[in-house]
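This is what each chain is made of:
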Amino acid sequence: MIKLAKTSFSKAEAPKKGVAVILAGEDLSLGTLAAEVVSGLEGGLQRAAGIAGFKGQKKSCLDLVAPAGSGLDRLIVFGIGKPADLSRDDWRAFGGAVFAELQKAKADAATVLLDAPEGTVLSAESAAEFAMGAKLRSYAFDAYKTKKKGDDKDKDLKLTLSVSDLKGARKAWAAAEAVTDGVILARDLVNEPANILGPVEFARKAEELGKLGVEVEVLGEKEMKKLKMAALLGVSQGSVRPPRLAVMRWNGGKKGDAPVALVGKGVVFDTGGISIKPAAGMEDMKGDMGGAAAVVGAMHAIAGRKAKANVIGVIGLVENMPDGNAQRPGDIVTAMSGTTIEILNTDAEGRLVLADALWYTQQKYKPAIMIDLATLTGAVLVALGNQNAGLFSNNDDLADKLLASARASGEPLWRLPLSSDYDKIIDTPNADVKNTGGRWAGSITAAQFLQRFANDVPWAHLDIAGTAFGAPKDDICQSWASGYGVRLLNQLVEDHYEG
């Protein structure tokens, strides 16, 4: 397997040896330096392209091995279509697609000449997006794969991006790489098997953010009992593994400014508890902490690029297991807020964890806004599939900012409704609220439940059950876990909450 060992930038010049990649627009339009690369080819580029039917269409590829008339070992001509129409998403995807071509070529070093066709300026930010796409595409979770006799040895690829604005590209990549590493951290957490990553181990991963200047505090069962977090603790009581609540604080903004609060559901494994899930597909429930993983990854991104904002990440970490001590359907618990909750289904557990985490966050830290992320409902998959995460909010301004950041980051959201009519579905004569409203509008009633613990704080709930794992593979993600939410949350902070 070819792995990306290093990405670096160099001043734009035509590569003369080794493996090179150049960009071609529609009708084989080339930049000045790219034209210089192909100028000595016997028969020119037109002849090889004509035989292969290559016209520079977006993400098409012409691979020339030891091209005659050139000192290169290999020349890959990568199609980018109409340069004027390209977005950040396109440049990120191009980086992933080019890395895939280099992987197929088994290259151990390559230079990509980011020289767009004449009349088009390729910005430093586009170069950084290209580098992000390559690094994200190179990700593979293979920590537990053993090498067998006869297997090819892994090869490290050194990727050099040749750019016109060297200083600008390096600066843009410094920030973009912090975000990229945050996505990779989130992917690692979600991919990790539950026997390795329990609540205690997950909390330790959060503590490692201290290396970036993040202040981390971890609450154990004793502290949570004092805080009367019976909703969260009720989920964990069937497991021998103790719960944790990890709080991560990045103080990059002005002292005294209210923070942005990110809250994540961290159910490290979800059997459903006494309301046990079917066996088929239960192995995927190692990813039921995708919301917490996204928060940890986002905190890494925000701290890694030294964001000028105050941001708090709070993650509730539990395991939901069936046991003689597990909570039962019909039990009534009292959340930290004092709200009584009737447990009708122990598999509707993530909202119980978030109820106490949300209340704790708003009571202690008085945030400017509060966003929770959770792999919360199968119903959101029925509604939106793997293509969008569900967005619910009590504040139109916050919802609009999230939708704008979703478009800018390439992590899509679709807003779904909240209303008092849906709220009535989770009323119960036995307590203040029940933890499930049944099959219909399941993602909405789950959001209605969470809204009761947000009070008047501008709040949004992102149901990422369809996007955190198991989504179709694409140019920048070949992994089961996607790391969804890291780029989105970072973009939100960058665009709307930095001083």
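Placed above this text is the structure.
Anyway, here's the lowdown on the structure attached to this text. (Residues numbered from 1 in each chain as written. Predicted model: local features only at pLDDT ≥ 70, side-chain atom pairs only at ≥ 80, totals over all residues. Heavy atoms only, no water.)

Observations concerning the packing of aromatic side chains
Part 1 of the argument: According to the stated counting rule, one finds six aromatic pairs in the structure shown.
Part 2 of the argument: With a centroid separation of 5.3 Å and an interplanar angle of 85°, the aromatic rings of Trp91 and Phe94 are classed as edge-to-face. Remark: Phe94 and Trp91 occur in helix α3 (residues 88-104); sequence separation between them is three residues, near one turn of the helix.
Part 3 of the argument: Take Phe94: its relative accessible area is 1%, and that puts it in the buried class.
Part 4 of the argument: Here the aromatic rings of Phe141 and Tyr144 are separated by 6.0 Å at their centres, their planes lie at 55°, and the arrangement is tilted.
Part 5 of the argument: Classification of Phe141 by relative accessible area gives partly exposed; the value is 28%.
Part 6 of the argument: What makes Tyr144 partly exposed here is its relative accessible area of 47%.
Part 7 of the argument: Chaining the aromatic ring pairs together yields one cluster made of Phe78, Trp91 and Phe94. (Phe/Tyr/Trp six-rings, centres within 6.5 Å; stacked < 30°, edge-to-face > 60°. Helix = DSSP H or I, 4+ residues; strand = E, 2+ residues; numbered from the N terminus. Buried < 20%, exposed > 50% of the residue type's maximum accessible area, 1.4 Å probe, protein only.)

With respect to the environment of Gly53
Part 1 of the argument: On the secondary structure map, Gly53 appears in the loop between α2 (44-52) and β3 (61-65).
Part 2 of the argument: Judged by its relative accessible area of 45%, Gly53 is partly exposed.
Part 3 of the argument: In this structure, the C-alpha to C-alpha distance between Gly53 and Glu215, residues 162 residues apart in sequence, is 56 Å.

Points about empty space enclosed by the protein
Part 1 of the argument: Enumeration according to the criterion identifies two cavities of 30 Å³ or more in this entry.
Part 2 of the argument: Leu114, Leu122, Ser123, Ala124, Ala127, Val163, Ser164 and Asp165 are the residues that line the largest cavity.
Part 3 of the argument: Considering only residue class, the lining of the largest cavity consists of five nonpolar, two polar and one charged.
Part 4 of the argument: Here the second largest cavity defines a volume of roughly 30 Å³.
Part 5 of the argument: Ala186, Val190, Gly290, Ala294, Ile464, Ala468, Ser482, Gly483 and Tyr484 are the residues that line the second largest cavity.
Part 6 of the argument: Of all the secondary structure elements, the ones that give two or more residues to the lining of the second largest cavity are α5 (166-191) and α9 (290-304).
Part 7 of the argument: A class-by-class count of the residues in the lining of the second largest cavity yields six nonpolar, three polar and no charged. (1 Å grid on protein atoms, 1.4 Å probe; cavity = no way out; pocket = protein on both sides within 12 Å on 5 of 7 lines; lining within 4 Å. Points joined across faces, edges and corners; volume = space filled by probe spheres on them. Nonpolar A, V, L, I, M, F, W, Y, C, P; charged D, E, K, R; others polar.)

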